[in-house]
Amino acid sequence: MAIIASNFKTNHTRKSTASFINEVATFVEENNIDNEIFIFPPSTALDSFEISSNIKIGAQNAYATQKGSFTGEIGTSQLDEFGIKTILIGHSERRHVLNESQSEIAKKYSFYKELGYTIVYCIGEPLEVKQSGLEKTLEYIYEQFEGIDTNYENLILAYEPVWAIGTGVTATNDDIKNVHSAIKEKIDKPLLYGGSVKVNNVNEICSIEGVDGALIGTASWIADDFKQIIENTKDL
Ligand code: PGA
């Protein structure tokens, strides 16, 4: 059973998110899909949705606080309003565009772990690291586990090479297999691949040994495409 996640990033409005989620939920119900599905809308579009239990709505980001004075951030009181118990932590855009440090990420991770959230924790190397070989790539990735309790029961990992995110360049099957099998040897948790996963390669990618599903940005933002992605992975 594949885990399929859609990361909206800074796309969709409150209104379009609601219609996307309702459409996907109807599809999942009518087709008896048992994939585990995650949808991460922007924080302004979070809400309580009537959806089956195998679809979870998560936050793309939140601060390590219940409430307080952290201008521009949200905390658990805003997430509790909608019963949200899933969060994405360590995404490459948070690390590299928003400059979140490993220690901030680790602090956030510990906070949400204590509260029992399902955490989708992202790791992945930039292009220059990839170009210096598999050993260096793995070294870089292992540093992204600093301060992270990898035994946490509600942890899902996502390997997302930075050079493959939003670029249209998917990692090769061999790249994915090598990194996934190395991580899996150390950490026994579900491990998704992310980075330019598309409607027509999602099945192949999710069939690679050591790949438990996909975290998808661009190719998942149109409801029909996301439904097709679910359809293409429903028998795995
Ligand atoms: P992408 O993004 O599918 O657009 O490459 C993946 C992600 O950032 O999670």
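Note that the structure is predicted; figures quoted are calculated from it, not measured. Per chain, residue numbering runs from 1 following the sequence as it is written. Where totals are concerned, whole chains, interfaces and linings use all residues; where local detail is concerned, this predicted model gives features only for residues with pLDDT of at least 70, and gives and counts side-chain atom pairs only at 80 or more. With hydrogens and water stripped out, all remaining heavy atoms of the structure feed into the side-chain values.

*Asks:* Kindly report on the pattern of salt bridges, identifying the contributing residues and their values.
*Replies:* Salt bridges are identified by distance alone: a Lys or Arg side-chain nitrogen within 4 Å of an Asp or Glu carboxyl oxygen. Considering all chains together, one arrives at ten salt bridges under this definition. As a salt-bridge pair, Glu23 and Lys227 come within 2.9 Å of each other at their nearest N and O atoms. Here Glu23 is found in helix α1 (residues 14-30), whereas its partner Lys227 is found in helix α9 (residues 223-233), with 204 residues between them in sequence. On the basis of relative accessible area, Glu23 is assigned to the partly exposed category, the value being 33%. Where Asp212 meets Lys184, a salt bridge forms, and the shortest distance between an N and an O atom there is 2.5 Å. What counts as a helix is a DSSP run of H or I of at least four residues, what counts as a strand is a run of E of at least two, and both are numbered from the N terminus. Accessibility here uses a 1.4 Å probe with only protein chains present; expressed as a share of the type maximum, an area under 20% marks a residue as buried, one over 50% as exposed, and anything in between as partly exposed.

*Asks:* Give a description of the site of the ligand that names residues and reports values.
*Replies:* If a single non-hydrogen atom of a residue is within 4 Å of a molecule or strand, that residue counts as near it. Contacts to the ligand come from 13 residues, most closely from Lys9, His91, Glu160, Gly166 and Thr218. Pairs of N or O atoms within 3.5 Å make up the polar contacts considered here, provided that, within protein, one atom can donate a hydrogen while the other can accept it, and that residues adjacent in sequence are counted only when both atoms are side-chain atoms. Separating an oxygen atom of the ligand from a side-chain N or O atom of Lys9 is a distance of 2.8 Å. In the model, an oxygen atom of the ligand is placed 2.6 Å from a nitrogen or oxygen of the His91 side chain. Accessible areas in this description were obtained via Shrake-Rupley with a 1.4 Å probe; residue shielding takes into account the shown protein chains only. Relative to its unbound accessible area of 280 Å², the ligand is 99% covered by the protein chains. Its residues assigned to classes, the shell around the ligand comprises four nonpolar, seven polar and two charged. Each residue gets one of three labels, nonpolar for Ala, Val, Leu, Ile, Met, Phe, Trp, Tyr, Cys and Pro, charged for Asp, Glu, Lys and Arg, and polar for the others, Gly among them.

*Asks:* Could you give an account of the pairing of strand β2 (residues 36-40), naming the residues involved and the relevant values?
*Replies:* Most of β2 sits inside the fold, with four of its five residues counted as buried. A clockwise path from the first strand over the helix to the second, with the strands pointing away from the viewer, defines a right-handed crossover. Running through α1, the crossover from strand β1 (residues 3-7) to the neighbouring parallel element β2 is right-handed. At least two DSSP bridges between two strands are needed for those strands to be called paired. Where β2 and strand β3 (residues 55-57) come together, three bridges link them in parallel fashion. When the sheet's bridge partners are listed, Ile39 is paired in β3 with Ile57.

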